[in-house]
Amino acid sequence: MKLLEEKILHDGNIRAGNVLKVDSFLNHQIDVPFIEMLGKEFYRRFGNEKVDKILTIETSGIGIAAVTATYFKVPVLFAKKSSGSNMDKDVYFTQIYSYTHNKTNTVTIAKRFLQAGDRVLIIDDFLANGCALEGLLDMVRQAGAQVAGIGIVIEKGFQGGGDKLRAKGLPLVSLAIVDAMDSATGKISFRKEARE
Ligand code: 5GP
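Keep in mind it's a predicted model, so treat the numbers as computed, not measured.

Enquirer: Can you help me understand unusual backbone geometry in this one?
Expert: It is generally the case that most residues other than glycine have a negative phi and that most peptide bonds are trans. A cis amide bond, omega 5 degrees, links Glu 58 with the succeeding residue Thr 59. Residue position: Thr 59 is located in the loop between β3 (53-57) and α3 (61-72). Within the chain, Lys 73 stands out as a residue other than glycine whose phi angle is a positive 55 degrees. Judged by relative accessible area, Lys 73 falls into the exposed class, the value being 71%. Even without being a glycine, Asn 102 presents a positive backbone phi close to 50 degrees. Mapped onto the elements of the fold, Asn 102 is located in the loop between β5 (91-98) and β6 (103-110). The exposed category is assigned to Asn 102, whose relative accessible area is 57%.

Enquirer: Got a minute to help me understand the site of the ligand in this structure?
Expert: Near the ligand lie 16 residues; those nearest to it are Leu 20, Ala 128, Gly 130, Ala 132 and Lys 156. Here Leu 20 contributes a backbone N or O atom positioned 2.8 Å from a nitrogen atom of the ligand. Protein chains bury 89% of the 510 Å² of accessible surface belonging to the ligand in isolation. Contributions of two or more residues to the shell around the ligand are made by β2 (19-21), β7 (119-127) and α4 (131-143). Among the elements that line the shell around the ligand, the one with the most residues is β7, at 4 residues.

Definitions and cut-offs
Residues numbered from 1 in each chain as written. Predicted model: local features only at pLDDT ≥ 70, side-chain atom pairs only at ≥ 80, totals over all residues. Heavy atoms only, no water. Helix = DSSP H or I, 4+ residues; strand = E, 2+ residues; numbered from the N terminus. Buried < 20%, exposed > 50% of the residue type's maximum accessible area, 1.4 Å probe, protein only. Near = heavy atom within 4 Å. Polar contact = N/O pair within 3.5 Å; in protein donor to acceptor, adjacent residues only side chain to side chain. Areas by Shrake-Rupley, 256 points an atom, 1.4 Å probe, with all protein chains shown as cover.

So, in structure tokens, the structure goes:
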């Protein structure tokens, strides 16, 4: 998506360890009208699918999942990383390694919110190695639910997670795919096929 690529070029910063910071519009401060446009684009790409629920993971996926849900008119379910005492006991759980925090979290979803036959659209802010998505897919499988689609705002194509999922035949749409980025020059290049 051209407007997203331009926004990344204008506002993004490349940090050590191949981390792309876009916290002026997506990951810290949220530019709501801008991400509403991204949500509308996910609706254009997946609106023909039957979607019962949008699934994401806390924290950064929630904003984009919520605006996307306003187009689909379905609830948003987010997998939780913390297991407080007020958490449901009857949960699906999985382990997810966090690339940006360099730690493994146990992530949970209450069974009462995800059931066999539910068709879920998975939405997340970033896709890098694919650990977060693999974890969400694992819990969708545990529930006997179905994947209606996967929508990602920014895929870092050079880390390979997206292509592994495409090779498995999963319906993955990334609105921008970063092919290469260089922290020394600040140069970012994009894969053309995400410009549909
Ligand atoms: P993966 O599990 O695919 O390796 O990484 C996806 C998760 O890590 C996303 O949910 C996102 O929160 C975080 N992440 C991975 N790479 C980046 C990055 O370059 N920038 C930001 N802001 N988050 C990232």
